[in-house]
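Reading the structure
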Amino acid sequence: MINRRTFSKAVGLGTGAAAVSLTGLQTGASAAHHPGVTPVPTVPDITPGTHTGFHTIKQVKAGVLDIGYAELGPRHGPVVLCLHGWPYDIHSYADVAPLLADLGYRVIVPYLRGHGSTRFLSRRTPRTAEQSAIALDIIALMDALKIDQAVLAGFDWGSRTADIIAALWPERVKALVSTSGYVITDRKMQLEPAAPAVEHNWWYQWYFATDRGKKAMENEEQRIALCRFVWTLVSPHWKFDDATYARTAEAFKNPDYAAIVLFNYRWRIGLIDGEARYDRYERKLAGQPPIQVPTVTLDAALDPFTAPGDGSSYRDHFTGPYAHHTFANVGHNLPQEAPTAFARAVVEADHL
């Protein structure tokens, strides 16, 4: 999930701008009235849960992985890459993807390393999960699919991954949608104590640092129960059913799932070191590089990791065309809880 330091720094900023409703983010046709301006397509309203999954999962060898991904929309349409977080999978975009595909986008939704049908090509590859490693996985995916540039959209781990690519390889990013704003991890800052309420929210990080947490994650039944409990905490108003969770929980049965999740959270708080091959990227990310590409940031008002305010705590990190929206009655899994709003943000970012 997101960077505890970013949230801690923003605590006490106040409520700022009021949260907008899900219908508040409209991609209207106003541009169509101005000659020479490309009309912005209208995203229709959709009831969350209308689509329950993807018909086909493709596989492609990319970097150190054989990556599983869903693909919708025209083969030569403008590309949107939708990146999931933890503890989630590609089903977070089951409604978003067809909305965008119907507008002519080629939508690609990959399983991150350690999830679903994504597998390491070699048994000898260390099962690490530094933030830059996951970002390089997506760069390798784009290369394998011969995608020069795409709109990147994500939440949680997906936001961090998209932010990193936008910061370090901006030529590959046409536009960015980043839920929770700027979430690139600064490991040095992670070593400092946060506000008590913030530390409480990140209980699972400390749990994963213990032998008990490790045993729980390495036991398939226990980790599936733990991840479901996290869903209820971070999306308190989301009334998902057993079938919805079961579809996603299949991705947690990946043989490398426990190793990847444990590494990521232990690495973030300085308990373990990453591979030397990623050090140069992590040094750059420690400097909190700015993001210059057109960006829409989103906050979910019921997400316990969303700092109060209007995004002002991270606004200075985004130096290009920019817009921000906060959504009431939405929790951490924003694209699955509010797919219309998320799809509209993608279209908005693409037209900034």
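An account of the accompanying structure is given in this report. Please read all numbers here as calculations on a predicted model, not as lab measurements.

With that out of the way, let us pick up the pattern of salt bridges. For the coordinates displayed, the defined rule picks out eleven salt bridges. A salt bridge links Lys174 to Asp350; the nearest nitrogen and oxygen atoms lie 2.8 Å apart. Here Lys174 is found in strand S7 (residues 173–179), whereas its partner Asp350 is found in helix H14 (residues 339–350), with 176 residues between them in sequence. Look at Asp350 and you get buried, because its relative accessible area is 13%. Here Arg277 ties to Glu275 by a salt bridge, and the two come within 3.4 Å at their closest N and O atoms. On the basis of relative accessibility, which here comes to 44%, the residue Arg277 falls in the partly exposed class. Residue classification places Glu275 among the buried positions, given a relative accessible area of 15%.

Further remarks concern the pairing of strand S3 (residues 79–83). With five of five residues buried, S3 is to be regarded as a mostly interior element. Here three bridges tie S3 to strand S4 (residues 106–110), and the two strands are oriented parallel to one another. Bridge pairing in S4 links Leu81 to Ile108. The parallel pair S3 and S4 is bridged by helix H2 (residues 96–102), and the resulting crossover is right-handed.

With that settled, consider the packing of helix H3 (residues 131–144) against helix H4 (residues 157–168). As a packed pair, H3 and H4 sit with axes 9 Å apart at the nearest point and diverge in direction by 75°. Here H4 runs roughly perpendicular to H3, going by the angle between their axes. Across the interface between the two elements, Gln131, Ser132, Ile134, Ala135, Ile138 and Ile139 from H3 touch Trp157, Arg160, Thr161, Ile164 and Ile165 from H4. In the contact of H3 with H4, the residues fall into seven nonpolar, three polar and one charged.

Under the 1.5 Å per step criterion, the end-to-end length of helix H9 (residues 220–234) is 21 Å for 15 residues, consistent within 8% with the ideal 21 Å. Every buried residue belonging to H9 is among Arg223, Ile224, Leu226, Cys227, Val230, Trp231 and Val234, and all of these are buried. Across the axial projection of H9, the buried residues extend over an arc of 160°, all falling on one side. Buried residues belonging to H9 abut helix H7 (203–208), helix H8 (211–218), helix H10 (242–249) and helix H11 (257–268). The backbone nitrogen of Glu221 lies 3.1 Å from a side-chain oxygen of the residue at the head of H9, namely Asn219.

Here is what the cut-offs are and how they apply
Residues numbered from 1 in each chain as written. Predicted model: local features only at pLDDT ≥ 70, side-chain atom pairs only at ≥ 80, totals over all residues. Heavy atoms only, no water. Salt bridge = Lys/Arg side-chain N within 4 Å of Asp/Glu carboxyl O. Helix = DSSP H or I, 4+ residues; strand = E, 2+ residues; numbered from the N terminus. Buried < 20%, exposed > 50% of the residue type's maximum accessible area, 1.4 Å probe, protein only. Pairing = 2+ DSSP bridges. Right-handed = clockwise from strand over helix to strand, strands pointing away. Axes fitted to C-alpha atoms, helices over the stretch in contact; angles between N-to-C directions. Parallel < 35°, antiparallel > 145°, perpendicular 65-115°, else oblique. Contact = heavy atoms within 4.5 Å. Nonpolar A, V, L, I, M, F, W, Y, C, P; charged D, E, K, R; others polar. Expected span 1.5 Å × (residues − 1). Arc of directions from axis to C-beta. Polar contact = N/O pair within 3.5 Å; in protein donor to acceptor, adjacent residues only side chain to side chain.

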